[in-house]
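Working through the structure, step by step
Listed here are the chains, written in short residue letters.
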Amino acid sequence: MLGTIRQKAVAARSLSSQVLENDLMRLRSVASVMRHYSAGTKEMTVRDALNSALDEEMAADPSVFVMGEEVGEYQGAYKITKGLLDKYGPERVVDTPITEAGFAGIGVGSAYHGLRPVVEFMTFNFSMQAIDHIINSAAKSNYMSAGQINVPIVFRGPNGPAAGVGAQHSQCYGAWYGSVPGLKVLVPYSSEDARGLLKAAIRDPDPVVFLENELLYGESFPVSAEALNSSFCLPIGKAKIEREGKDITITAFSKMVGYALKAAEILEKDGISAEVINLRSIRPLDRATINASVRKTNRLVTVEEGFPQHGIGAEICASVVEDSFGYLDAPVERIAGADVPTPYAANLERMAFPQIEDIVRAARRVCYRKSSIAASA
C-alpha cells in the first residue's frame, strides 16, 4: 500500500500545475452555485447521489482515491463505492485492514503529498480509533505549518443512530468534530445535498468530516437538472431554507430535517407557519441565515440527535441570544437525544431520540399554544 501511495504522490507532483489550475476552476464553480436549486427533474437515492459524486470526482481528478474497509471487493458496506473498483482499479479503490488508526494515518500522509484521499469509516463511531490523525495530523497541520501544508482529505461514513445497533454504533459526532478548528463538518440530508456537498468536500483544500446517515441511504429525493451536471457543487457553510414560514424557526440537520418538515406540516393545520432550516454545514455554521430567520419569526426550536450538553443546538441558541436576543418573543427550545448511551431495546431507543411529536410539542410551547394534537412518527 505504501508503494502505491508513493507512486501516486510522484504522479501528483508531476501534475502539480494541472492540479492548481483545477483547484482554481473548482473555486469558481463553488462561487457560481450560491443559489438554491428546487426544481426536481428526477428521483435519486442518497446512496446513488454519493456514488455518482465519488465517480465523477475520481474521473475528473487522478489524485482522488478511496480507501477503507470493504470499499473495493465488497463494493462498500453500504454500497456507496459500488462499481468503483472495476472502473478505477485497486490502486485508487484501496481495501484496508480493520485498523482505522492505520489507514486514516496513511490517508493524511498521502494528502500531505498532494493526493486527495476519501477515507470511509464503516461507522463514525469507529473514527474514535483514528481521532488522533483526524485532529492532530489533519486539522491542525495547516495552521501549525503557517499555511505551508494543506490536507485535502475527506473522512466520510454513516453517523448517528441507525436502528437496533446499540450505544457502540449510534452516537452523533457532529458536535465533537464541529468544535475542532481546522476541520469542516458537513451533514447532508437530501440526495442533492449529498451530491453537491461531497463534491465540495473532495475539492476543498482542507480536511472535511462528512457525516452521512445510514437510514437515509435508501431514501429517494428529487434532484434538479443543475445538480446532475458534473460541475455541480454546493457552497460549504451555507444553510438551506427547506420550507419558509413566519411564526417559528426550526433548525435541523441530516435525518432530523425530514422530521422537522413533517412537524411543520402538522403545525400548519394549527395555523402555525414554521420555517425549516437545513443546516447542511455544522462547521462553518451559517449563523447569518439562522439569525435572519429568527429575526423574522421571533421564535426558535433546534433539533438534533446528539447529546444535549455542549451540542449543536446549544451553539445555535447561544448565537441567536448573542446576535438576535431583542427579536425573541419566547425562550429558545432545544430538542436533542437523551443524555444517556443509546439503549439497545427498540422501545427505549425510540425514547432516546427526537420524534416528530417532540418537535410539534416544542413548537406549540414556543408559540404559547396548548398541546391538543397527537402527532406520530
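Structure shown above.
Below or above, wherever it landed, is the structure these notes cover. In this text the structure is predicted, and so the values were computed from the model without any measurement. (Residues numbered from 1 in each chain as written. Predicted model: local features only at pLDDT ≥ 70, side-chain atom pairs only at ≥ 80, totals over all residues. Heavy atoms only, no water.)

**Notes on the packing of aromatic side chains**
- Applying the stated criterion to the full structure yields eight aromatic pairs.
- Ring geometry for Tyr78 against Tyr217: centres 5.4 Å apart, planes inclined by 45°, an arrangement best described as tilted. One end of the pair, Tyr78, is in the loop between β2 (64-68) and α4 (84-88); the other, Tyr217, is in the loop between β7 (208-212) and β8 (220-223), with 139 residues separating them in the sequence.
- For the pair Phe121 and Phe124, a centre-to-centre distance of 5.4 Å together with 75° between the ring planes defines the contact as edge-to-face. Residue Phe121 shares its accessibility class with Phe124, and that shared class is buried.
- Following the ring pairs from residue to residue traces out a cluster consisting of Phe103, Phe121, Phe124, Phe155, Tyr173, Trp176 and Tyr177.
- Over the face of the ring belonging to Tyr74 we find Lys79, whose NZ or CZ atom lies 3.7 Å from the ring centre. (Phe/Tyr/Trp six-rings, centres within 6.5 Å; stacked < 30°, edge-to-face > 60°. Helix = DSSP H or I, 4+ residues; strand = E, 2+ residues; numbered from the N terminus. Buried < 20%, exposed > 50% of the residue type's maximum accessible area, 1.4 Å probe, protein only. Lys NZ or Arg CZ within 6 Å of the ring centre and 35° of its normal.)

**Quick look at the sheet that holds strand β4 (residues 116-120)**
- The mixed open sheet is built from seven strands, whose spatial order is β3-β2-β4-β5-β7-β6-β12. Edge positions in the open sheet fall to β3 (93-95) and β12 (281-283), since each of these has one partner strand only. Each adjacent strand pair in this sheet contributes to an overall mean axis angle of 20°, direction not counted.
- Alignment of β4 against strand β5 (residues 154-158), held across three bridges, turns out to be parallel. Pairing of Val118 across the sheet is with Val154, part of β5. (Pairing = 2+ DSSP bridges. Axes fitted to C-alpha atoms, helices over the stretch in contact; angles between N-to-C directions.)

**Digging into helix α11 (residues 287-297)**
- What α11 keeps buried is the set Thr289, Ile290, Asn291, Ser293, Val294 and Thr297.
- The inward-facing, buried residues of α11 abut β9 (240-243), β10 (248-252), β11 (274-278), β13 (300-303) and α12 (312-324).
- In the stretch just after α11, Asn298 is the one whose phi turns positive, near 70°. (Contact = heavy atoms within 4.5 Å.)

**What about the side chain of Asp193?**
- Along the chain, Asp193 turns up in helix α9 (residues 191-203).
- Judged by its relative accessible area of 0%, Asp193 is buried.
- Within the local environment of Asp193, its side chain forms a polar contact with the backbone nitrogen of Tyr189, the two atoms lying 3.1 Å apart.
- A polar contact of 2.7 Å, which involves the side chain of Asp193, links it to the side chain of Arg280.
- Excluding residues within four positions of it along the chain, Asp193 makes contact with Pro188, Leu198, Leu234, Asn278 and Arg280. (Polar contact = N/O pair within 3.5 Å; in protein donor to acceptor, adjacent residues only side chain to side chain.)

**Observations concerning the environment of Gly306**
- Along the chain, Gly306 falls in the loop between β13 and α12.
- Judged by its relative accessible area of 6%, Gly306 falls in the buried class.
- In this structure the C-alpha to C-alpha distance between Gly306 and Phe353, which are 47 residues apart in sequence, comes to 8.3 Å.

**A short note on the environment of Pro207**
- Tracing the sequence through the fold places Pro207 in the loop between α9 and β7.
- Among the residues examined, Pro207 registers a relative accessible area of 3% and is labelled buried.
- Along the sequence, Pro207 and Ile135 sit 72 residues apart, while their C-alpha atoms lie 9.5 Å from each other.
- Ignoring sequence-local partners within four residues, the contact set of Pro207 consists of Ala138, Ala139, Val151, Ile153, Gly182, Leu183 and Lys184.

**Here's the deal with the side chain of Ser137**
- The topology assignment puts Ser137 in helix α6 (residues 131-139).
- According to the relative accessible area criterion, Ser137 is buried, its value standing at 16%.
- Only 3.2 Å separates the side chain of Ser137 from the side chain of His133, close enough to count as a polar contact.
- With near-sequence residues (within four places) excluded, Ser137 lies in contact with Val108, Tyr112, Asp132 and Val151.

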